[in-house]
Every structure is written in structure tokens, then in C-alpha cells.
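Architecture at a glance
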Amino acid sequence: MTAKLKMEGVSKVFPGVKALDNVSIDVRAGEVLGLVGVNGAGKSTLMNVLGGIYMPEEGHVAIDGRRVELRRPADADSAGIAFIHQELLYFPTLTVAENMFISHLPSGQVPFSVDKRAARRRAQQALDQLGSAIRPSARMEMLSVGEKQVVEIARAVAQGADIVIFDEPSSSLSIKEKESLFAIVRKLKAEGKAIIYISHFLDEIEELCDNYAVLRNGRLVGSGSVAEVTRDKIVELIVGQVVSGPAARQRRKSGAPRLLLKGIRREGFLEGVDLELNCGEVLGLWGLMGSGRTELIRSILGLDPLEEGSITLNDSSGARPIAQAELLARTAYVTENRRTDGLFLEEAIWKNISATNLEQYVSGRMRVLDKGVEAKTATSMIKRLTIRAPDHTTRAANLSGGNQQKVVFAKWLNRQPEILILDEPTRGVDVGAKREIGELVESLADAGTSVLLVTSEIEEMVALADRVAVLRGGAVAAEMQGDDINETELMAAAIGTGAARA
Amino acid sequence: MSDASRSLVTRDSSVPRLWHWFSARPALLPVVLSVVMAVIFALTVPNFADLRNIMNIFGQLGFLGFLCIGMTYVMVAGGIDLSSYTVVSAAAVVGATVMVATETTLPGCFLMLLIGCVFGAINGVAVAYLRMIPFIVTLSTMVVAEGFAIWFTQAQSVYGLPDAFIDTFSARVFPMTLGITARPVGTPVAGIMVLMVALALGFVLSRTIYGRRIYLTGANEETARVSGIKVRQVKFATYVVAGAMAGITAMILTADLGTATTAMVRDVRLMDIIAATVIGGASLRGGKGSILGTMFGLLFLTMLSNAFNLLGVSPFIAMVIKGTVLVAVIGLDVLRTK
Amino acid sequence: MTTLNRRDFMTSAVAAGAALGAPGIVHAQGKVTVGMAWPGMQDAVWSTSHKLLNEFAAASDTEIELVFTAADMDVAKQASDANDLISRGVDLLLVFPIDSKAISSSVKRARDAGIPTMAFLRQVHAEAKHQADVFVGIDAKYQQLSSARTVFEKMKADGAAIGEVLWVSGDIRDENSRLRGVGLQEACDEHGASIAQDLVGNWDPQQAAAALAPALKAYPDINHISVASDVMMSGVRQVMQDAGKWAPHGDPNHVYLSSVDVFPIGLELLRSKHLDADTIFDVTGMCRTAVELMPRLAAGETFDSDVLIQGPVFTPDNVDDPEMQSQLWAT
């Protein structure tokens, strides 16, 4: 059987950089290829070649054994290639059906009119095919992230795509949504689609993919059958050096209490949360999306309303109630989405880093900022966190995801915080940066910082947390310590079985 | 860490160095534009480089300069103020009425400044604290201020201002001579005032902690908030600054015209104010702009209009050029941020 | 019928000014450069006067160069434009003031620079400290006076009763509107009539209609309506049609109408005999006069009185005379 999609000897040169160097991959119908590699390894460039956005200097693409010329996105469209993007693009106020057919709306009887009923019918068919219960007449903005993604997949299906490319599809999904995504991918596979699945999560690759292909520095460094490879081997290919497996780690003993939350309540989100955060520990906050994790953090920091509850801070001057604004001023908060509220993307690294602590650089009656000191701080942070950037004047937007996240960390560390709150600290970050961030969190906790960690990545939780509080329905449903913190228990606790007894 | 991961950082750092350098200095564009224009006009337009005309241009900067400074503050913080030009009239008619009635200068001046600030504060509260959309809020204030001015005066111009007031603000000081100019030409107080205010507020915006908070708020309000910047206070303050600038404009214009009217500055001038600010490097999306750039943007527009008037070329061609330059500058801004 | 001869009057007015003027220095060069500080080009009067001034200047014996600036109705911009023109060193500043008081400071600046000023159509406010050296404008009072007088005389000839008149004014804040009201009052005084009610039409047909409708009910026997400008006539027509009073002269239902300006609708209604008298807003005469005065003013001549142009009265009888037709500009 010939490959459905074949890319052969593809090279792409950008001024000064060889983004792709003689890369060949193939995918057969009914097969899932896992494409992995750190950010910047060339995955996006390779996919942009398929999408008709870049023309390669060398090599070619063949579908069903025939060469195809992909000069523009429309060519990819007509070649039956569809992309499911990491960040979904849609029209929030239009319906699901309209979004699905936005570029191919069936026309009605009257010229230039749209046959909405036909659009809805075809949308329904496509959604049914995926086993989804989303209504075609629902407005797009009312859907969850996962549902929106299903709509995007349904669009690909409805347009008859038989090569579907998933670009980090699971990074913003809850555990449950991930499960249904996997089910859909399997369904598409069973229907004979050729699928390329790009992900940072090796467990997903193991679970879903038949074959894997690893890119590093624009070269294909390894490929083969997933069944015949170990996870360590893939990590080695990705990073380019051997990494040791997760060693059994010592959980820290909790220090003195630092932050005490009692009866935190916010209508519809939080139903009375009690929590204690101690010095020198990593407290994991575990739960499904919508369990109130992010809401809890935003409420206690005064970024969202807080209707009831008390916050007590224990510092050198003893225990005392603390206002939300003051807590915000004393806390480092790495937000869930660095692009929305973590970074000033258009600004230079040094301005990002000094933003949390401007008072530190002020001198004189005129309150003039000392840009020299700001730059110096930034430069030392760049060194300390090994942020890869030409220098401190680089715009944050020009950095890779991992380095952007390090800038977010740098900006908070600059405040030398007692409390560090992390909300999905490694989302969209490559393997290397992920490990560096993990090490950083460990060292901070060792030095006495109180870390509150929210993550959807079960491995990260197991690797980092000393204690875990499980949130369910806006309240703490369970707490785990020591060896109880493992993947099985966490999964069970989140969906409401097992560890709930604890 | 590994060499492998180090090499994957700056894959698109292939932009020419000059472009990069230029992009990092958005205030350079209006400066270059103004200098080039000045040279061309000096060589081709009779009387353009005459000291009398230079002082004339300098004085004209005082007409819109303050409003441009205010607009820069608001736009850097991510907002827009459409109301400032009618607030000028509202402040002017009240202040002038008081001046005429009391035959004094100071209370009237104070009132002009106060009314400007009050309108600014109304904008500020609505935008920053009630989270209303700046465009709609200031559009409404614009109408309110205009209506107020007409109602207050019954559309009659206020006349008979104290000479002390007129003489102070429309005065020309430090007479100078240049080259063969026969009579010494005085420097307009309006120009000196706008220069001083531009230097002071430019310093605050570019060098102090207050200015940085404004930039960061405009760059990304949410990030600024999480970073501990009191974004509501910051936004409020920028509108009050814009209002105060309208108050000062009221003084300058009232003195210059010798009367306060209900329509001292018309809506077409709003376009000039925004154009000067945008040519000066500000972005409607916030986080960008500088007083230096804005003042040169305004200088560019003023020189353009002046040169066309001197040449007797249709002023409507100047409008076409202004609009074209504005679009080009916005286009350049888009390229720059890509 | 006493239609004043426009030319005769104009000449006399100018002569009066010249007689009082001091002998000026004769301008060194033949050429006169005139800076025009105009409100804009969007309004018909602005653009027409700009066009006619250029035509008359081109035809003038003296070489006249007009340097045009437009302020977009912005008072501050007009001051800037005037400054620019003064900087340029024009021989004469011709201003069409946007604000009759604010323009005074530009007059002063011109005077400081030794440049004479001519105000066009709108006079510098009487209370203003610095008056233009000469004002060329329309005799607004005469416009309404002559038009209303023509109607009263016609009524007298027809044997119609002369009593009350309804007055549809323009903008109350507008000096032109006020003067036209004074003119109507004088015409009433001459013929023993009185103004029954002052209706504010704001130069707008809709507003004129809204004001006139209730007044027509309140004064069912009214037989003369004087309208401050025929731009409002469409509104007046609507209301009168609704009230069953819209009829041409000769019809027993006819209500006598006097108005001012002679815009296209005025012409149309003169021809249909609905409108009985309409005094032209004589932009042509004003421009011709202004150009005639330019070299004299630039040469240092002074004028002690305003030059007010009195245009002819258009009636259904003379509307299509070639001489009258040549006065039209707004068609």
C-alpha cells in the first residue's frame, strides 16, 4: 500500500537559517503519525509547507503517489489537507454551522443568498459522524474550548479532507475533553484518514499514534513504529542527549504555615474553599477544568470578585488578615495564559521583567526610573533562567513559548516573592524548557518559597507537588500526600472516585 | 543546557539591522519627516524660512499642541479622547464670562483649567471605573461639552476680555532678528508654553514611574493589572491630563482670538490631533507613542498647511497629503509590529 | 414698483466712502496680492464667491493675485491661516469671518504688519476692538424690506387688506436674520402692518414647517407671510398645502409670500406665481465690488462706511428678464 501523503527531501531556508533540511515523512491512510520536537525544531515550518504557506527550496509533496504543488492555502484545501490549529480561529457570534461552512456556504435559490438549512443539515451530518452532541445552530461563543475544536474537526470532515493535521490539539483541553478528542482521532483513523498529530505529550503519542517522527534543528532525527520504541528513546531524540528516567523523589516536609484560606466563596464558582499553604512546599491544586482552580486564585488576588471568606497571611510580623490587593502585591502569579495576562508581548524583555517591581528602580523626587538598573536586572535574570534571547532588548513576542514563559518567571522572581502561584506553568512549552522550569520551581521551594501549583498535566503534578488538594465543584474534595500522589490516584480523585475517600 | 535547545531561539532574526534600529525608535519618523519637509519648503517656498513665518509656525503649535499632548497620554494608555476639542469651547466660554464679569484674569484661567479637568475626570470615571468604551464615552462627552457651551452662551461669542489676559497669553517676547529681516520678531508665548509643557509631560511619560505605568497599561491592561499596576487609576489620570490640556488650550485660544466662542476648534481639527499623535508613533491599540514624536508630528502637519497657504496652492491638496501620510504611517506601524 | 438700481446704489456707497478717505500712497508695483481667509468651500456662497472673485480679478485692469486658504469652519484655523497670509506678506487680507468677534484679532495682526483688511459678507462685530478697513456685504435689512415692500404695494394694487404678517426668521443668533427682521418691521411700518408672530425657522425647511403649522391655525386669516430665506420655502409650501392655503396669485386662496435670496426653489415658485417677491442675495455684485475696491485699499485709500450691496427684487413679472437672469448665481 502506498503512502497517502509523502513528503520527500523537503528543505526550506530562511535568511540565515536552514529551517528544514532534507526532511522526509510519510503517512498511510488509516494511520496516525506523531510528530514531535522542541519548539523551533521545524514542525511548524514543515506543516506550513503542507499548508501551502511556504514553498520549499528542495523536495516535494506527493498525495496518493502523485506530486502536488502547494503554492497557496487554497491548494492545500483542494488537495484534501485540513489543519486543526492549536489556537482556534472562529467567528464567535456566528452559529456552528455558519462557522463550519464559512468559506463554502451552500448558496440558496436567490443569487448570493445562503441556504442555511442545507448548511445546518450538512453540519449535523459531520458532527454526527464524530459522535458529537453539539447543535449546529448553537452560537460559537457559547461552546467550550473542546467543543470548538470538535467543530473545527467537523469542518475538516465536512469538507472531505482525508489528511488531517492536529497541531498541539490537547494543550488547552480538560482531561475529559482530551478523552473525547482521542476518541475522535481514533474514529477518523478508522475511517481511513491519514493523520499527523503534533504534540509535546509523549503519553498522547504512545496512546494514539502508530508511528512517530522526531525533528531536531530542522532535521529528521528519528522515526519508526511507536510500538518499538521507548519513551526514553524519544525524549533522547527530541533533546539530543540521554535523560535519566524520573527518579523516585523525596517529598518535602511542610514548613510553617504561610497562607490560610477559609470559606472562600464566589457565586457559581467557589463553594467555600479551605486551604493552607506552607513555607517551602509545592502545593498542587488538582481538578478538572471548571473545578474552580483558576477562579480561586483570581478571587484571592482581587482580580475577580470574592464574596465571602477570609485570607490570613503569616509572615515575620505574625498572622494577620490580608487584603486581596496587598496579597497581589506580595505574590508572584504566573498566569494560565501568558499571552493574555502574563506578558507585554510588544515590549522588550527588560520592560517585562521590571514591570512587577517598578518602585525598586525609582530615584529622586521626580520618581525617575533608572533604566540602567532595569537592564542590569534583566540581563542577570536572562542568565539565571537561561532565557535564550539575543539580549534584554528583544521583544517578548519574538521569543519561543518556553523562553516567553521564563520571562514571566523572571518578572516574578524579580519581586523575590514569598508566595509563588503557578497556573499551567508549562503549557505550550518545549520539553527542554519544561524541565528547566521544573528545576526552578524545585529550587525555589527548597529555598523556602510557598508554591501553589495548578496544572492539567498529571506528570507534572506527580513530579513537582509535595501535597495535592483536589478541587471538585468549587470546594476541596480531598488532599493527598507522599506516595498517594500518583497518576492513578490523581485521575480518580479528579473525576470523583478513589482518593475522594481520603 | 544543551546546545540543541540553544540554537532554536531566534530563528527569524534575519531582519536588516537598519530596519530593526529604525523600528526601535518610532519617534524618529516624524523627526525625519519634519526635517526633510522643513528643508524642502525652505528651499522652494518663498518666505517659509523667514523668521516671521518661523515664529508664526511656532505660535501655531500652541493651538493644537496641548490637545495633542493630552491625546498622546490617553492613547498611550490604550484609550482615545474625542471630546477634548469641544471641551476647549466649554472651558473657554465659562472662563471668559467670568473674566468679563470680574475684569480679572486669574479666576477665569483657573476655571478654564478646572472645567477641562472636570470633563477629563468624567471621561476617566466612565472609562476606567465604569468600564465603558472610550470611543463612545468621549463621543458623548464631546456632544455634552458642545451643548453646554451653546446653552451657556446662547451661541453668542464672549467678548470684552481683560487686556491683561489677552496680552499675557498672546504676547510675543524675546524679540529676535535673523539675517536680513528688518524688524525684530517676537517669540509667541503660546509656542513657549507648549514647548515647556511638552518637555515636562514628555519627561514624565518617558522617564518616570508614572509614565511607565501608562505605557504598560496600554501595552496590555490585563498583564499590567496582574503585575500590580493600578490600571484604573492610571487610565483615569490620563483622561484628566487630556482635560487639563483642553483647559490650557482654552486660555491660549481665547487670548489669541480675543473672544471665546462655542466652536473654537472644529471636528476637522480632531483629525489633525489624532494624525499628529499617530504620525508621532502612537498606536490606537495603546502602549506606544511619545510626546517628542507627537510634537514633531504636529510640526509636520503645521508646516504642510503653512507652506500650502504661502504658496496659495489649494488647501484641499494639503488634506489629501495629510491623509495619505497618515495611512502610510499606520501601514508602517503594522509592518513594524509584524 | 421701486426696484432700486443696484449699480447706482453701489457706486454711490463707494463714492461716499472714497470722498471721506485720505489720499493713499500709490502702490509701487502694479500687482496686488490678496490673501483670502475663507471658511471653506463646502457652502455654495463660499465656493461661488471664490469662483466669482477669481473671475473678476482676472478681468480687472490691475493685476490681482488671490491666495486662497480654507479653515473648514474652524475659528482657530482661520486665525492660523490669516497668520500664514500675513507671514507671506500679502498686500491685502480679505476675510470671510467664521466668527465676527474672533476675526478682530486677525485684523489687528494684519494692521500691525501694515496690511489692510477687507471683510467680506460678514462684518467684524461692532463691539470688537479692531475693525476691518472696509466691509463689503449684503444689505440684509434692505433685502427683506424691499421684498416685503414690493408685496405690500402689490397687495395695495390688488385691493387686498393689509394687516398682520407672519415672520419666519432664520437663526436667532444670526445677525443676517436679525437685520432681515428689522427690514420687515420697517416695511410693515411704512404700510401700517404689524408682525403677528415671530417664528424661528433656523434656515431649515423642517423647522420652518414645524413653527409655521400651529401659527397658521392660530391666524387663519393671515394673508402675508414673509420668510427670511427661500431655502425654507419647501417647508412653508408643505404646511400651506396641508392647510389648503397653497394657491398661486389670482386664486382667492392665495396668501402673499415675500422672501429673500432667490435660490432655485425661489425661482420656481416665482414662476408658478406662488411667491410674490424675492430679493436676491447678490453674491455677484458683492464680488464685483470687492475686486474693484482691492487696488484702492491696497494703495492706502480708506473707507469710512460699509459697502452694502442691494440686489434687485425678483417678481413673477420680471423673473425671466435677461437682465435679471444674469444676476443669478445659485442655480
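Predicted model, so just to flag it, every value in this text is computed and none were measured.

Each value, and the rule that gives it
- Residues numbered from 1 in each chain as written.
- Chains lettered and ligands numbered in written order.
- Predicted model: local features only at pLDDT ≥ 70, side-chain atom pairs only at ≥ 80, totals over all residues.
- Heavy atoms only, no water.
- Helix = DSSP H or I, 4+ residues; strand = E, 2+ residues; numbered from the N terminus.
- Buried < 20%, exposed > 50% of the residue type's maximum accessible area, 1.4 Å probe, protein only.
- Contact = heavy atoms within 4.5 Å.
- Areas by Shrake-Rupley, 256 points an atom, 1.4 Å probe, with all protein chains shown as cover.
- Rg over C-alpha atoms; globule rule 2.2 N^0.38 Å.
- Buried area = accessible area lost by both parts, 1.4 Å probe.
- Salt bridge = Lys/Arg side-chain N within 4 Å of Asp/Glu carboxyl O.
- Polar contact = N/O pair within 3.5 Å; in protein donor to acceptor, adjacent residues only side chain to side chain.
- Nonpolar A, V, L, I, M, F, W, Y, C, P; charged D, E, K, R; others polar.
- Domains from an automatic or database assignment.
- Pairing = 2+ DSSP bridges.
- Axes fitted to C-alpha atoms, helices over the stretch in contact; angles between N-to-C directions.
- Core = buried A, V, L, I, M, F, W, Y, C linked by side-chain atoms within 4.5 Å.
- Parallel < 35°, antiparallel > 145°, perpendicular 65-115°, else oblique.
- Expected span 1.5 Å × (residues − 1).
- Arc of directions from axis to C-beta.
- pLDDT = per-residue confidence, 0-100.
- Patch = residues over 30% accessible without salt bridge, like charges linked within 9 Å, V, L, I, M, F, W, Y side chains within 5 Å.
- Lys, Arg positive; Asp, Glu negative; His and termini not counted.
- Charge placed at Lys NZ, Arg CZ, Asp CG, Glu CD.

**Notes on the overall build of chain C**
Counting its secondary structure elements, chain C contains eleven helices and twelve strands. In terms of its C-alpha atoms, chain C occupies a principal-axis envelope of roughly 65 × 35 × 30 Å. Within chain C, the proportion of its 331 residues that are buried is 59%. Sequence separation of 24 or more characterises 73% of the internal contacts of chain C that already satisfy a separation of 6 or more. Of the roughly 12,600 Å² that chain C leaves accessible, carbon and sulfur atoms contribute 51%.

**Some points on the overall build of chain A**
Counting secondary structure elements, chain A contains 17 helices and 22 strands. Computed over C-alpha atoms, the radius of gyration of chain A comes to 25 Å, within 12% of the 23 Å expected from 2.2 N^0.38 for 502 residues, which places it in the range of a compact globule. Seen through its C-alpha atoms, chain A measures out along the principal axes to roughly 75 × 50 × 50 Å. Across the 502 residues in chain A, those meeting the buried criterion constitute 54%. Residue pairs in contact within chain A that sit at least 24 positions apart in sequence constitute 66% of those at least 6 positions apart. Counting every atom, chain A has about 21,400 Å² of accessible surface; 50% of that belongs to carbon and sulfur.

**Overview of the interface of chain C and chain B**
Between chain C and chain B, the contact holds 34 residues from the first and 34 residues from the second. Taking both partners together, chain C and chain B bury about 2,900 Å²; carbon and sulfur atoms supply 48% of that area. Counting across the interface, chain C meets chain B through four salt bridges. We note a salt bridge from B:Asp163 to C:Lys129, for which the minimum N-O separation is 2.7 Å. Along the contact surface separating chain C from chain B lie 21 residue pairs in polar contact (both at pLDDT 80 or more). Listed by contribution, the elements that provide at least two residues to the side of chain C that touches chain B are strand S2 (64-70), helix H3 (75-88) and helix H4 (103-112) of chain C. Element by element, the count of residues in the side of chain C that touches chain B is highest for H3(C), at twelve residues. Taken together, the residues of the side of chain C that touches chain B sort by class into 14 nonpolar, seven polar and 13 charged.

**With respect to the domain arrangement of chain A**
As a measure of interface size, the accessible area lost when the parts come together is often cited. For chain A, the assigned domains read domain 1 (5-239) and domain 2 (246-345 + 418-495). Distance from the C-alpha centre of domain 1 of chain A to the C-alpha centre of domain 2 of chain A: 34 Å.

**What to know about the pairing of strand S8 (residues 194-198) of chain A**
Look at any regular strand and the pattern is simple: side chains alternate between the two faces of the sheet. All names here are of chain A. For S8, a buried count of five out of five residues is recorded, marking the element as mostly surrounded by other parts of the structure. Burial along S8 is two-sided: Ala194, Ile196 and Ile198 facing one way and Ile195 and Tyr197 facing the other are all buried. Taken together, the five bridges between strand S3 (residues 31-36) and S8 define a ladder with parallel strand orientation. Residue pairing for S8: Leu35 is matched across the bridge by Ile198.

**Re the sheet that holds strand S6 (residues 164-169) of chain C**
Residue and element names in this part refer to chain C. Ordered by their spatial adjacency, six strands build an open sheet running S7-S6-S8-S9-S10-S12, and the pairing between neighbours is mixed. Among the strands making up the open sheet, the edge pair consists of strand S7 (194-200) and strand S12 (313-314). Of the pairings in the sheet, the one linking strand S10 (residues 277-280) to S12 comprises two bridges and is antiparallel in character. Following the sheet pairing, Thr279 is matched in S12 by Val313. Lying over the sheet, helix H6 (residues 175-191) contacts S6, S7, strand S8 (224-227) and strand S9 (256-261), oriented at roughly 170° with respect to S6.

**Describing the side chain of B:Ser227**
Structurally, B:Ser227 can be placed in the loop between helix H11 (221-226) and helix H12 (231-257). Those residues within four positions of B:Ser227 in sequence are excluded, and the remaining contacts are A:Phe344, A:Ala355, A:Thr356, A:Lys411, A:Trp412 and A:Arg415.

**Here's the deal with the domain arrangement of chain C**
All names here are of chain C. When the domains of chain C are assigned, the result is domain 1 (2-138 + 281-311) and domain 2 (140-280). On a C-alpha basis, the centroid separation for the pair domain 1 and domain 2 is 32 Å. Counting residues at the interface gives seven residues for domain 1 and nine residues for domain 2. Contact between domain 1 and domain 2 buries roughly 810 Å² in total, counting both sides, with carbon and sulfur atoms accounting for 50%. Our count for the contact surface shared by domain 1 and domain 2 stands at zero salt bridges. At the junction of domain 1 with domain 2, the criterion picks out three residue pairs in polar contact (both at pLDDT 80 or more). The class makeup of the residues in the side of domain 1 that touches domain 2 is three nonpolar, three polar and one charged.

**With respect to the nonpolar core**
Grouped together as the largest cluster of nonpolar side chains are 103 residues, with contacts concentrated most on B:Phe41, B:Phe48, B:Ile69, B:Tyr73, B:Val88, B:Phe165 and B:Met245. What B:Met245 contacts, discounting residues up to four positions off in sequence, is B:Phe66, B:Leu67, B:Ile69, B:Gly70, B:Val197 and B:Leu201. In terms of nonpolar packing, the next biggest core, distinct from the first, is built from 75 residues, A:Leu46, A:Ile81, A:Val150 and A:Val185 among them.

**So, the pairing of strand S5 (residues 134-138) of chain C**
Residue and element names in this part refer to chain C. Of all five residues in S5, five are buried; the element is thus mostly enclosed. Of the two faces of S5, both are covered, the one formed by Val134, Val136 and Ile138 as well as the one formed by Phe135 and Gly137. Looking at chain direction, strand S4 (residues 117-120) and S5 are connected through three bridges and run parallel. In the strand pairing of S5, Met118 is matched with Val134. Relative to strand S11 (residues 307-309), S5 runs parallel, the two sharing three bridges.

**Focus: the packing of H3(C) against H4(C)**
All names here are of chain C. Contact pair H3 / H4: the axes reach a minimum separation of 9 Å and the direction vectors enclose 10°. For the element pair H3 / H4, the angle class is roughly parallel. Each of Gln78, Ala79, Ala82, Asn83 and Ile86 in H3 lies in contact with H4, whose residues at this interface are Ile103, Ser106, Arg109 and Ala110. For the contact of H3 with H4, the class distribution of residues is five nonpolar, three polar and one charged.

**Topic: the pattern of salt bridges**
Counting across every chain of the model gives 56 salt bridges over all chains. Through salt bridges with shared partners, a single ionic network connects A:Asp315, A:Arg320, A:Glu326, A:Arg330 and A:Glu418.

**Description of H6(C)**
Residues and elements named next belong to chain C. Relative to the 24 Å expected for 17 residues at 1.5 Å per residue, H6 spans 25 Å between its end C-alpha atoms, a close match to the ideal helical length. When H6 is considered as a whole, its buried residues turn out to be Ser177, Arg180, Gly181, Gly183, Leu184, Ala187, Cys188 and His191. The buried residues of H6 occupy an angular sector of 160° when projected down its axis, which confines them to one face. The secondary structure elements touched by the buried residues of H6 are helix H5 (140-158), S6, S7, S8 and S9. Where H6 ends, the next residue or the one after it, Gly192, has phi of about 65°, a positive value.

**Description of the confidence of the model for chain C**
All names here are of chain C. In the predicted model, chain C carries a mean pLDDT of 88, and the fraction of residues at 70 or more is 91%. Below pLDDT 50 for its whole length, residues 1-28 participates in 49 contacts with residues either more than four positions away or in separate chains. If you check the scores for this complex, the pTM reads 0.76 and the ipTM reads 0.86.

**As for a positive patch on the surface**
Side chains of A:Arg117, A:Arg120, A:Arg121 and A:Arg122 sit close together on the surface and give a patch of like positive charge. Examined against the element boundaries, A:Arg122 turns out to sit in helix H4 (residues 116-129).

**Describing the environment of C:Lys101**
Its location among the elements puts C:Lys101 in the loop between strand S3 (92-95) and H4. Given a relative accessible area of 7%, C:Lys101 falls into the buried group. Taking the C-alpha atoms as reference points, C:Lys101 and C:Leu297, separated by 196 residues in sequence, lie 22 Å from one another. Looking at C:Lys101, its side chain comes within polar contact range of the main-chain oxygen of B:Ser157, at 2.7 Å.

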